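Architecture at a glance
The primary structure of each chain is shown beneath.
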Amino acid sequence: MKLMVVGGGGREHAIIRSLKKNPQVTEIFALPGNGGIAADATCVNIGATDIEKIVAFAAENAVDYAVVAPDDPLVLGCVDALEEKGIPCFGPRANAAIIEGSKVFAKNLMKKYGIPTAAYEVFDDLDAALSYLETAPVPTVVKADGLALGKGVIIAATREEAKQAVRDMMQGHVFGASGDHVVIEEFLTGPEVSVLAFTDGKCVKPMVSSMDHKRIGDNDTGLNTGGMGTVAPNPYYTPAVARRCMEEIFLPTMDAMNAEGRTFKGCLYFGLMITPDGPKVIEYNCRFGDPETQVVLPLMESDLLTVMQAVTNGTLSETEVKFADKHACCVITASQGYPVKYRKGLPMTMTEEAAEHTYVAGARLQDGVLLTAGGRVTGTTAVADTLAEAVEEAYRLARGVEFEGAYRRSDIGRRALAANL
Ligand code: AMP
Ligand code: GLY
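Below is a summary of the structure that appears in this document. (Residues numbered from 1 in each chain as written. Chains lettered and ligands numbered in written order. Predicted model: local features only at pLDDT ≥ 70, side-chain atom pairs only at ≥ 80, totals over all residues. Heavy atoms only, no water.)

1. What to know about the packing of aromatic side chains
Enumeration according to the criterion identifies 8 aromatic pairs in this entry. Between Phe198 and Phe288 the ring centres are 6.1 Å apart and the planes differ by 80°, which places this aromatic pair in the edge-to-face class. With Phe198 in strand S10 (residues 192-199) and Phe288 in the loop between strand S17 (278-285) and helix H10 (293-296), this residue pair connects regions lying 90 residues apart in the sequence. When sorted by exposure, Phe198 lands in the same class as Phe288, which is buried. On the numbers, 4.4 Å between centres and 40° between planes, the contact of Phe250 with Phe270 is tilted. Residue Phe250 is found in helix H9 (residues 239-259), and its partner Phe270 is found in strand S16 (residues 266-275); the two are separated by 20 residues along the sequence. As far as the burial class goes, Phe250 and Phe270 line up, both buried. A connected cluster of aromatic rings, assembled from ring pairs, spans Phe90, Phe198 and Phe288. (Phe/Tyr/Trp six-rings, centres within 6.5 Å; stacked < 30°, edge-to-face > 60°. Helix = DSSP H or I, 4+ residues; strand = E, 2+ residues; numbered from the N terminus. Buried < 20%, exposed > 50% of the residue type's maximum accessible area, 1.4 Å probe, protein only.)

2. Some points on the site of ligand 1
Inspection of the region around ligand 1 gives 15 residues, with Glu185, Glu186, Leu188, Glu192 and Glu283 positioned closest. The separation between a nitrogen atom of ligand 1 and a polar main-chain atom of Leu188 is 2.8 Å. One of the side-chain nitrogen or oxygen atoms of Lys214 is found 3.0 Å away from an oxygen atom of ligand 1. Here ligand 1, which alone exposes 480 Å², has 91% of that area covered by the protein. Those elements giving two or more residues to the shell around ligand 1 turn out to be strand S7 (140-144), strand S8 (153-156), strand S9 (182-186) and S17. Its residues placed into classes, the shell around ligand 1 shows 8 nonpolar, 1 polar and 6 charged. (Near = heavy atom within 4 Å. Polar contact = N/O pair within 3.5 Å; in protein donor to acceptor, adjacent residues only side chain to side chain. Areas by Shrake-Rupley, 256 points an atom, 1.4 Å probe, with all protein chains shown as cover. Nonpolar A, V, L, I, M, F, W, Y, C, P; charged D, E, K, R; others polar.)

3. Here we look at helix H11 (residues 304-313)
Of all the 10 residues making up H11, 7 are buried; the element is thus mostly covered by neighbouring parts of the structure. Those residues of H11 not exposed but buried are Leu304, Leu305, Val307, Met308, Ala310, Val311 and Thr312. The inward-facing, buried residues of H11 abut strand S1 (2-7), helix H1 (10-20), strand S4 (65-68), strand S5 (89-90), S10 and S16. After H11 finishes, the residue Gly314 shows a positive phi value of roughly 75°. (Contact = heavy atoms within 4.5 Å.)

4. Focus on the nonpolar core
If you look at the biggest cluster of nonpolar residues, it comprises 50 residues, and the most contacted ones within it are Met4, Leu82, Ile99, Phe250 and Tyr284. Sorting elements by how many residues they give to this core places H9 first, with 7 residues. Discounting chain neighbours no more than four positions away, the residues touching Leu82 are Met4, Ile54, Val55, Ala58, Ala66, Val68, Ile87 and Cys89. The next biggest cluster of nonpolar side chains, apart from the first, holds 43 residues, and it includes Leu3, Val208, Leu299 and Leu316. (Core = buried A, V, L, I, M, F, W, Y, C linked by side-chain atoms within 4.5 Å.)

Remember, this is a structural readout, not a statement about activity or role.
Here it is, written out as structure tokens:
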């Protein structure tokens, strides 16, 4: 079987490594992939949002099955376009990917169907938003409507900060058209849990839970990033919480999307906060999370391709989705200065042992040499019987990834270890 994976980060590297385990797979194309992915797949220089070229490539190369991993091609209708050409795909169509593509859509969906989330108001008029903020409780959360590379969320401690965020989005257009509509919502508290779930629109099968570490600095300080490390499972996701999430959030979301004529097939990501009032949805993503995938897939015992095809065929209820009763930790190695300003093109090395456990997020190959090419460069994952061992081993392996200014948080997993539930 010839497969095609659209995307080129650490998440895609993890997906490709898992897909490769299926003996029926003869070739995997990565569009565009990256210099590290090139060790596991054939990289093709077509950008992940160049839908026309992606579809033409799949047709010309007789691709049997495609996986569209990143949010933007999903929101732009990459799956719809591939399906039109008769190419079976993993991922939601555009009319379902909107659950991530528009925060206003997601919030209105939750309100209409009684799915627990932060209370909110939507504004498309600057003056109305500013006058609402005169009396809104603080801290408050200001979100740009559309995709904003994970940066469109401002937690404002004061009304003045919130007003500035609204002005930046609606008047300064710092997130482009994403800021034409803003959501202002209640500030929630509690531990965060990420749950990725397979769904074919008929049933939901959650994967092992995970915990992201979004801030750049130790002890969750400094700027938000795409994610500096993950652990799985998340200790706050107890069996009791899991049951409530299934009943109050996962199944109602699937049913709501069906009722709206927007059946979601693919991986639905639930960003949850376990508040004193119970689990609530912070955000939906229409895809595998990054770097959650780098701890979730290494724990998956069922064959990924088989499960993905069951999602496509609507036979997920008959297909086993099993995870090892172990722990995983992924430590991101980033470029110095990330997420603001950082150098690219620095030569990097990985020990053989590190490379086996490392997913490459941002690197390119030049004359056989690997050069850094992004803010987040690699994610190194270890699996062990206990979380403490997984964390220690992930750090030991990650130290085998070297380049000038390589930066890692030093406390990935610490909060999970302290949770002691
Ligand atoms: P997002 O880009 O939607 O993942 O949001 C980034 C981060 O902002 C989340 O991981 C939360 O830590 C935080 N956040 C978003 N919405 C809220 C909220 N309503 N209350 C508290 N924190 C929030
Ligand atoms: N790790 C969060 C995300 O993938 O959006």
